[in-house]
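# Results of the structural survey
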Amino acid sequence: MKQSAIKELTTTDLQGRLVTLKKNYTDLKMAHAITPLENPMQIKSLRKTVARIATELTKRELQ
């Protein structure tokens, strides 16, 4: 998810997506620990998306 798309979402949407993406990230990490994923770069992109959303939420709180 790109930063421009994240900025367009509302705060409640971002909070909801953050919860689901964190759960997906945890599930992917566990699945990768058991059997290697076909595309392990999914973990990296998901982690970066979680960080982007968390950063946007922090920016909005500070304003």
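Shown above is the structure to which this text applies.
So, a few notes on the structure that sits alongside this text. (Residues numbered from 1 in each chain as written. Predicted model: local features only at pLDDT ≥ 70, side-chain atom pairs only at ≥ 80, totals over all residues. Heavy atoms only, no water.)

## Some thoughts on the nonpolar core
Core analysis: the largest hydrophobic core is formed by 13 residues, its most contacted members being Leu 14 and Ile 53. Filtering out sequence-adjacent residues up to four positions away, Ile 53 remains in contact with Met 1, Ile 6, Leu 14, Arg 17, Leu 18 and Leu 21. (Core = buried A, V, L, I, M, F, W, Y, C linked by side-chain atoms within 4.5 Å. Buried < 20%, exposed > 50% of the residue type's maximum accessible area, 1.4 Å probe, protein only. Contact = heavy atoms within 4.5 Å.)

## As for the environment of Lys 7
Checked against the element boundaries, Lys 7 lands in helix α1 (residues 3-8). Placed 50 residues apart in sequence, Lys 7 and Leu 57 show a C-alpha to C-alpha distance of 9.6 Å. Setting aside residues no more than four positions away along its own chain, Lys 7 makes contact with Glu 56 and Arg 60. (Helix = DSSP H or I, 4+ residues; strand = E, 2+ residues; numbered from the N terminus.)

## A few points about the packing of helix α2 (residues 11-34) against helix α3 (residues 41-62)
For the pair α2 and α3, interaxial distance at closest approach is 9 Å and the crossing angle is 155°. Taken together, α2 and α3 sit at an angle that is classed as roughly antiparallel. In this structure, the crossing between α2 and α3 has a hand that is left-handed. In contact with Thr 11, Leu 14, Gln 15, Arg 17, Leu 18, Leu 21, Lys 22, Asn 24, Tyr 25, Leu 28, Lys 29 and His 32 of α2, α3 contributes Gln 42, Ile 43, Leu 46, Arg 47, Thr 49, Val 50, Ile 53, Ala 54, Glu 56, Leu 57 and Arg 60. The residue inventory of the contact of α2 with α3, partitioned by class, reads 11 nonpolar, 6 polar and 6 charged. (Axes fitted to C-alpha atoms, helices over the stretch in contact; angles between N-to-C directions. Parallel < 35°, antiparallel > 145°, perpendicular 65-115°, else oblique. Left-handed = near helix turned anticlockwise from the far one by under 90°. Nonpolar A, V, L, I, M, F, W, Y, C, P; charged D, E, K, R; others polar.)

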